[in-house]
Amino acid sequence: MDITQNKAYSNRKIWEISYPIFLSLLAQNVINVTDTAFLGRVGEVELGASAMGALYYICIFTIAFGFSTGSQIMMARRNGEKEYGQVGPVMLQGVYFLLFLSLDFFLFSRAFAGSIMSVLISSDAILDATMEFLGWRIFGFFFIAVNVMFRALFIGITRTKILTLSSVVMAVTNIILDYLLIFGKAGFPEMGIQGAAIASVVAEAATTLFFIIYTFCTIDIKKYGLNRFRTFDFKLLKRVLDISVFTMLQYFLAMATWVIFFVAIERLGQRELAIANIARSVYIVLFIPVNSLSATTNTLVSNIIGAGYTNQVTRLIRKIALLSLTLMAVFVAVTCSIPQLILSVYTNDSALITDAVPSLYVISAAMLVSSVANIAFNGVTGTGNTRPAFWIEMVTLVFYGSYIYYIGVYLRQPVEVCFTTELVYFSGLLLLSVLYLRFGKWQNKKI
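Residues numbered from 1 in each chain as written. Predicted model: local features only at pLDDT ≥ 70, side-chain atom pairs only at ≥ 80, totals over all residues. Heavy atoms only, no water.

Glancing now at the packing of helix H5 (residues 140–156) against helix H7 (residues 193–218). The N-to-C vectors of H5 and H7 enclose an angle of 40 degrees; their axes lie 9 Å apart at closest approach. Considering their axes alone, H5 and H7 lie oblique with respect to each other. In the crossing of H5 with H7, the sense of the turn from one axis to the other is left-handed. Contacts between H5 and H7 involve Gly140, Phe143, Ile144, Val146, Asn147, Phe150 and Phe154 from the former and Val201, Glu204, Ala205, Thr207, Thr208, Phe211, Ile212, Tyr214 and Thr215 from the latter. The class makeup of the residues in the contact of H5 with H7 is ten nonpolar, five polar and one charged. (Axes fitted to C-alpha atoms, helices over the stretch in contact; angles between N-to-C directions. Helix = DSSP H or I, 4+ residues; strand = E, 2+ residues; numbered from the N terminus. Parallel < 35°, antiparallel > 145°, perpendicular 65-115°, else oblique. Left-handed = near helix turned anticlockwise from the far one by under 90°. Contact = heavy atoms within 4.5 Å. Nonpolar A, V, L, I, M, F, W, Y, C, P; charged D, E, K, R; others polar.)

Turning to helix H14 (residues 386–410), a few remarks are in order. With 25 residues, H14 ought to run about 36 Å at 1.5 Å a step, and its terminal C-alpha atoms sit 34 Å apart, in line with that. One or two residues past the end of H14 sits Arg412, with phi positive at roughly 55 degrees. (Expected span 1.5 Å × (residues − 1).)

The periodicity of an α-helix, 3.6 residues per turn, causes residues three or four positions apart to be oriented the same way. The terminal C-alpha atoms of helix H3 (residues 87–120) lie 41 Å apart, and with 34 residues this falls more than 12% below the ideal 50 Å at 1.5 Å per residue. Phe112 marks the point of greatest bend in H3, at about 60 degrees. (Bend = angle between axes of the 7 residues up to and from the residue.)

Using the criterion set out here, one finds 25 aromatic pairs in the structure. Residues Phe261 and Phe419 carry aromatic rings whose centres are separated by 4.8 Å and whose planes lie at 45 degrees to one another, so their mutual orientation is tilted. In this pair, Phe261 is assigned in helix H8 (residues 234–266) and Phe419 in the loop between helix H15 (415–418) and helix H16 (421–439), connecting sequence segments 158 residues apart. When its relative accessible area of 0% is taken as the criterion, Phe419 is described as buried. Site record: aromatic cluster; members linked through ring pairs are Phe150, Phe154, Phe210, Phe211 and Tyr214. Positioned above the aromatic ring of Tyr57, the side-chain terminus of Arg137 is 3.8 Å from the ring centre. (Phe/Tyr/Trp six-rings, centres within 6.5 Å; stacked < 30°, edge-to-face > 60°. Buried < 20%, exposed > 50% of the residue type's maximum accessible area, 1.4 Å probe, protein only. Lys NZ or Arg CZ within 6 Å of the ring centre and 35° of its normal.)

As a further point, take the pattern of salt bridges. In total, this model carries six salt bridges according to the counting rule given. Across the pair Arg137 and Glu204 runs a salt bridge, and its minimum N-O distance is 2.7 Å. Here Arg137 is found in helix H4 (residues 124–137), whereas its partner Glu204 is found in helix H7, with 67 residues between them in sequence. Considered together, Arg137 and Glu204 belong to a single accessibility category, that of buried residues. A salt bridge links Arg267 to Glu266, with the shortest nitrogen-to-oxygen separation between them at 3.5 Å. (Salt bridge = Lys/Arg side-chain N within 4 Å of Asp/Glu carboxyl O.)

Attention shifts here to the state of the cysteines. Tallied over the full model, the rule gives zero disulfides. For the unlinked cysteine Cys418, the closest cysteine sulfur is that of Cys59, found at 18 Å. Assessed through its relative accessible area of 0%, Cys418 is described here as buried. (Disulfide = S-S within 2.5 Å.)

Relative to the helices and strands, Ser71 resides in helix H2 (residues 44–80). In this structure, Ser71 is in contact with Val90, Met149, Val240 and Ser244, ignoring residues within four places of it in sequence.

Topologically, Glu422 is positioned in helix H16. Here Glu422 occupies a buried position and makes no salt bridge, while the nearest side chain of opposite charge, Arg280, is found at 10 Å. Apart from the residues within four sequence positions on either side, Glu422 is in contact with Trp258, Tyr283, Ala366 and Tyr400. (Lys, Arg positive; Asp, Glu negative; His and termini not counted.)

The next subject is the packing of H2 against H8. Following both chains from N to C, one finds H2 and H8 inclined at 150 degrees, their axes separated by 7 Å at the closest point. It follows that H2 is roughly antiparallel to H8 by the angle criterion. Note that H2 runs across H8; the crossing there is right-handed. Counted by class, the contact of H2 with H8 contains 24 nonpolar, seven polar and two charged residues.

Pasting the structure below:
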């Protein structure tokens, strides 16, 4: 797609790039919904343990994702400059680097995950179940390292429709294996929370295989330099890391604050942790349209700067932000009109559903702010100025972490009050991102 034409800035063109990402995230988050829904019918211990185990896994995942985001910015810039042959080497170096990093994280997790989680979790039952989950889940590090780089490649060159297909493969594989392995159907062993972890790993492996086959069958690998297999190109890797190191730290620390949040909730009680996990699952689903438009903002900003249209950046960000707010308003209206029906997907415990409704309302309000805040913030990262973006995130997270400690640990407020931290976070992110786009010096960043 030629994004250098003005018509590319229309809502229709923005949506043409965004909707495949949206569908891919929707399919991908079926995994989260499925795991939560199935384990919610196994027990509250398993439900809480899957939340804590998933947070550990996602903290590692966000480091890989942060690196891929920096790579995506560089690939999008080369794509906008029509330097197509330089796209593939960035992607391949990223795969090599992340596979090496995944091995390190895998070995680290084998040695120290138990000690880390024992500090974070006070319940012995939840701790034991969490370690059962992580014992299998960490094998996914290797597959996700490849998957995030394929995702960065296809978003960077604005060929996003493949993401929908890959996520359908992941979702269908996960749903089938969840049902078979968690409950022990069709002759498979009943593995409970371990079955959920195995299903997720196999689903990620199936997605990796799909990406490889699709790429070599449908993409002009010579045009994009994907045939240039080589050992580490340290010079190129350093250029990518100059951008990615800040997004890696940014995403990791952002997720680390989620860990702080759930540690605070876990100390309120087993029921509160189950409520928070269900609410988090709904939160992630609601975040899908924002996430897809954020990825679009990131790559389009980098593309149009590469094409020489820097003066169009803020106009593009405003247009996408308005579209994001409109979509989120619809999602929030539906969610708030049928909260108990939505929550019943995750559990058949009527008391748990009733207790979770207030948290759902708070999350819905936070999502309205996030729909604009994340677009503005990804506009900043899309310019390639990842260092200022990192500091914007850090300042915001200081307030977030202080707030959740005061509300959750010191005052021990109910779960729905603790979720107001999301309003604090997104409000701060929006304010600082807008100020940087208005007054910061980002126009001439070279990458």
